[in-house]
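Survey of secondary and tertiary structure
So the chains spell out like this:
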Amino acid sequence: MNSTLLVELFTEELPPKALQTLGNAFAELLSKTLRDEGHLTDNSVAESFASPRRLACRITHVAAISPERKIQERLLPVKIGLDSNGQPTPPLQKKLDSLGLGPIGVEQLETINDGKQDVLHISRTQAGKALEESLSKALEVATTKLPIPKVMSYQRPNGSTVHFVRPAHRLICLHGDKVVPAQVLGLESDRITLGHRFLSTGVVNIANADSYEAQLETEGKVIASFEKRKAAIVQALADQAAGDQVVQPEALIDEVCALVEWPVVYEAGFEREFLEVPQECLILTMQANQKYFAITDQNGKMKNRFLLVSNLLTPTPELITTGNERVLRARLADAKFFFDQDRKKTLESRLPGLANVVYHNKLGTQKDRNGRLVELAATLAPMCGADVDMAQRAALLCKTDLLTDMVGEFPELQGNMGEHYARHDGEHADVAQAIADHYSPRFAGDQLPRNPVGVAAALADKLETLVGIYGIGLIPTGDKDPFALRRHALGVIRMVIEKNLNLDLKRMLAAASQLFNNYPDFKIDLDGLEKFIQDRLRGYLKDQSYSTAEVESVLSQNPSQFADLPKRLEAVRAFSQLPESQALAAANKRITNILKKTEVGSSEIDTHLLQVDAEKALAAQVKEVEPLATKAFEQGDYQQALLVLAPLKANVDAFFENVMVMDNNEALKNNRLALLKHMHGLMNRVADISQLAT
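The present account deals with the structure reproduced in this document. All figures in this text were calculated on a predicted structure; none of them were measured in a lab.

Digging into helix α15 (residues 452–471)
The end-to-end C-alpha separation of α15 is 28 Å, in line with the 28 Å expected for 20 residues at 1.5 Å each. Counting buried positions over the 20 residues of α15 gives 19, a clear majority of the element. Looking at where α15 begins, the residue whose side-chain oxygen comes 2.9 Å from the main-chain nitrogen of Val-453 is Asn-451. Gly-473 lies just past α15 and shows a positive phi near 85 degrees.

Here you go:
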C-alpha cells in the first residue's frame, strides 16, 4: 500500500545559521535512499520541515514493500568462470554460493563483453524489501551524511555514546497512521513529538503523516515549515512597518527564522539622539548583536523605531519590548561613544599609528603598505581620469580608520567609517568617497567606486594585494583563499572593463612588483599571476553570456588590456554568424599549424615568385583587403575589421587546393609561407579565429 511517510527527529536547539541547510539535506538524503531502495514512485514528493528543535521530512506515495526487481549480477570473466569444456569452474561456483544461488546451469548464464573481455552475468529476481528495513538504512545515511558544521558527542541513558549535531530525544516514523519500527541515534520510533516550549501543553500525538503540519500548528504552536515560517515573518514585518521600509537582509531573516517556532513581530524604539550616529553603525549594531530589523522611511533615512521577532505570543508585549529596548540602548550608547571619541582625532593624525599594525610579517606594516598604495595610486590616477593629488591623498588615508574605536568594534564598517570621519575632517568629497570605495567591489555584483579617485585607490589596493600576497607564495588552493585574491582579481577586471580604462595589466603588475624589492621573501612569478587573473577574466566573460569558443578566441592572445574585450567579443560573435566563418576559421587553424612547424622569416611577399594562379589571386586579394581591415582595426571598429575578411574564403580554399606550400624550391616555399604568415597576422589581430573552428 502506498501511503504518506513522515519522519521527524526531535532535538535540542539546532545551530540557526545551518538549520535550513540541515533540513533540506535531511529530506534529500532520506528520499534518495528510499528511492534507491524502490519505495518511491514517479509521483512521490518529498517535503522538508525544519524548526529550532526538529528536522522532519514528509514523502508522498511510499510503498510499504518495494516491488520485486530484476537485477543482473556480474560474476567472473569467461576464461576464469568456465573450463575448457565450457563447464563451471570452482571459482565460479564459489561466487554463486556467496550470492546464495547454489548450483546453476551454464544455460542460465549470460556472456557480456565489457569492452575488454567476455564476462559471465546472471539475471535474477530480487524480492521486495519491507519499509521497516529500508527506513532504518535511510535514517542511518541521513544522520551520518548531514552537512553538520560541528558534531557533538553525548551519552544516551543506556550509556552508549552518540555523535550528532545536537542531542536527539524523539523519533517519529509514520507510514499513513501506522508507526514504522525504526532506530537511529539510540532512539526507537513512535508517533509522539513536543510542541512549543511555552505556548503548547508539550506532547503532541501525531495521528497520521498527513496531519503532521496541521497538528503541530494547532496543538503545538509550531510552524514546522521553514519556508512558511519565513514567509510569515516577512509579512508580519511589513505589516508592523506600516508603510515604512524594513532593512531585512536575507541572511538575517533566515537566521531569525531558525530561532523561532511561532514568530511574533513586535515594535520598539530608541532615543532620537542616537540617529546622530551614522546609520550603518546603528543598523549593524541591531543586526549583528540583537537580530533586530531597522526601519527607514521611503528615502532610506533611518527612524528611531525597530522591529524584533519573538518566539512568544503574549498579552503584555511591553515586557518584551522594554527589555529589548534597554539592551539596544546600551549597544547604541557604545556606538555613539565610539563615534564621538573617534571624531576627536583626524584621520591624518592616526597615520603614525599604522606603523604598529602588521599587514603581513613578510610584507611589513600597514604604514609600509600605505606608502606602496600612494605610489601606485599616483601611477594609476591618469589612467582613471583622476586628480593625482587627490588619488594619493585617498590612498594615504584609506587605512587609518582601522585604528578607530568604531572599526575596532565593527570591522565590517572599515572604509564606511573612514568616509564619515574624512568628511568631518574637511577632506575633499571625492577623497572621502574614495576612502570608502577603495574596498569596492566587496563581493560579486557589488557596485564599483563612485568616482575616478575611488577607482584609482581601489585599483591600487587590489593590485598591491594581488602582487604582494602572490609574491610571498600565498596562492589560493581549492576553496581556500584567505586573502580574497580571487575577489581582488575580479574587482580589477570589472573596474578596467566596466569603467573602460586604458590600463595595461602587465605594466601595472610589473610596476607594483617593484615596490616590494626590499622584501627578501618576495619572489614574484608575474606570468603565473597574469594567468591567475586571466582565469578570473575567463569566468567573468563567460558570465556575460559569451561562449567558450568566443572567449578563448580573444584570451588565447594573452591580452594585457581588457577594456576593449567586449568589443572584440561582439566582433567575433558577428563574424561567427557569417556563412564563410567556419571555412576561414578552419583555414586559419591549418595556417597556424603550418607556421608552428616551420620557421618563417619575413612576411614580405615577392610578387615575382608567385607562379600558380591561386596564390596570385590570394596575394592580390590580401593586398586589397589589408588597408580596409587595418583602417577599421585602428579605429576600433573590430566588427568591420573581421567582416572585410569574408571575401577571402574562395581564394583561400583555392590556394590550399591548388598550391603546394612546402615546395622543393626553397624560394617558392619561403614566399608561400610569407604569404600565409602575412594573412595569418591580418586574420588574428582582433582575435584568434581558429578557435571558432568546430
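So, the sheet that holds strand β4 (residues 69–77)
Spatial strand order, β4-β6-β5: 3 strands in an open sheet with antiparallel pairing. Two strands in the sheet have a free side with no partner beyond their single neighbour: β4 and β5 (110–113). On average, each strand axis in the sheet is inclined to that of its neighbour by 40 degrees, with strand direction left out of account. Alignment of β5 against strand β6 (residues 118–126), held across 4 bridges, turns out to be antiparallel. Bridge pairing in β6 links Ile-112 to Val-119.

Focus: empty space enclosed by the protein
All told, the structure shown has 1 cavity of 30 Å³ or more when counted by the stated rule. A volume near 40 Å³ is recorded for the largest cavity. Listed by contribution, the elements that provide at least two residues to the lining of the largest cavity are α22 (613–634), α23 (638–643) and α25 (666–683). Looking at side-chain class alone, the lining of the largest cavity contains 8 nonpolar, no polar and 1 charged residues.

Things to note about the nonpolar core
Within the largest apolar cluster, 137 residues are counted, with the highest numbers of intra-cluster contacts made by Leu-380, Met-406, Leu-459, Ile-533, Leu-537, Leu-541 and Phe-562. Setting aside residues no more than four positions away along its own chain, Leu-459 makes contact with Leu-380, Cys-384, Val-492, Met-495, Leu-501 and Leu-503. Counting residues in hydrophobic clusters, the runner-up holds 54 residues, among them Leu-5, Leu-135, Ala-168 and Leu-171.

Some remarks on the side chain of Asp-401
Relative to the elements of secondary structure, Asp-401 occurs in the loop between α11 (388–397) and α12 (405–409). When residues no more than four places from it in sequence are discounted, the contact partners of Asp-401 are Leu-347, Val-407, Leu-413, Gln-414, Gly-415, Met-417 and Gly-418.

So, unusual backbone geometry
In this chain, Ser-440 is followed by Pro-441 through a cis amide linkage whose omega measures -10 degrees. Structurally, Pro-441 can be placed in the loop between α14 (429–437) and α15. Non-glycine residue Lys-221 carries a positive phi angle of around 55 degrees.

Cut-offs and rules
- Each chain carries its own residue numbering, running from 1 in the written order of its sequence.
- Only residues with pLDDT of at least 70 get local features here, since the model is predicted, and only at 80 or more are side-chain atom pairs given and counted; chain-wide, interface and lining totals rely on the full set of residues.
- Derived side-chain values reflect all non-hydrogen atoms in the structure, with water molecules and hydrogen atoms excluded from consideration.
- Helix and strand labels come from DSSP, where a helix needs a run of H or I of at least four residues and a strand needs a run of E of at least two; each type is numbered from the N terminus.
- Multiply 1.5 Å by the residue count of a helix minus one, and that product is the helix's expected span.
- Relative accessibility thresholds used throughout: buried, under 20% of the residue-type maximum; exposed, over 50%; partly exposed, between the two (1.4 Å probe, protein chains only).
- What qualifies as a polar contact is a pair of N or O atoms within 3.5 Å, subject to a donor-acceptor requirement within protein and to the restriction that residues adjacent in sequence count only when both atoms come from side chains.
- In this analysis, strands are considered paired if DSSP registers two or more bridges between them.
- The axes used here are C-alpha line fits, helices contributing only the stretch in contact, and every angle between their N-to-C directions lies in the interval 0 to 180 degrees.
- The pocket and cavity definitions rest on a 1 Å grid over protein atoms only: a 1.4 Å probe that fits but cannot leave marks a cavity, an open set with protein on both sides within 12 Å along at least five of seven lines marks a pocket, and residues lining either have an atom within 4 Å of a point.
- Grid points are joined across faces, edges and corners, and a volume is the space filled by probe spheres set on the points.
- Note on residue classes: Ala, Val, Leu, Ile, Met, Phe, Trp, Tyr, Cys and Pro are nonpolar, Asp, Glu, Lys and Arg are charged, and everything else, Gly too, is polar.
- Buried Ala, Val, Leu, Ile, Met, Phe, Trp, Tyr and Cys residues that are joined via side-chain atoms within 4.5 Å together make up what is termed a nonpolar core.
- Every residue pair with non-hydrogen atoms within 4.5 Å of one another is taken to be in contact.

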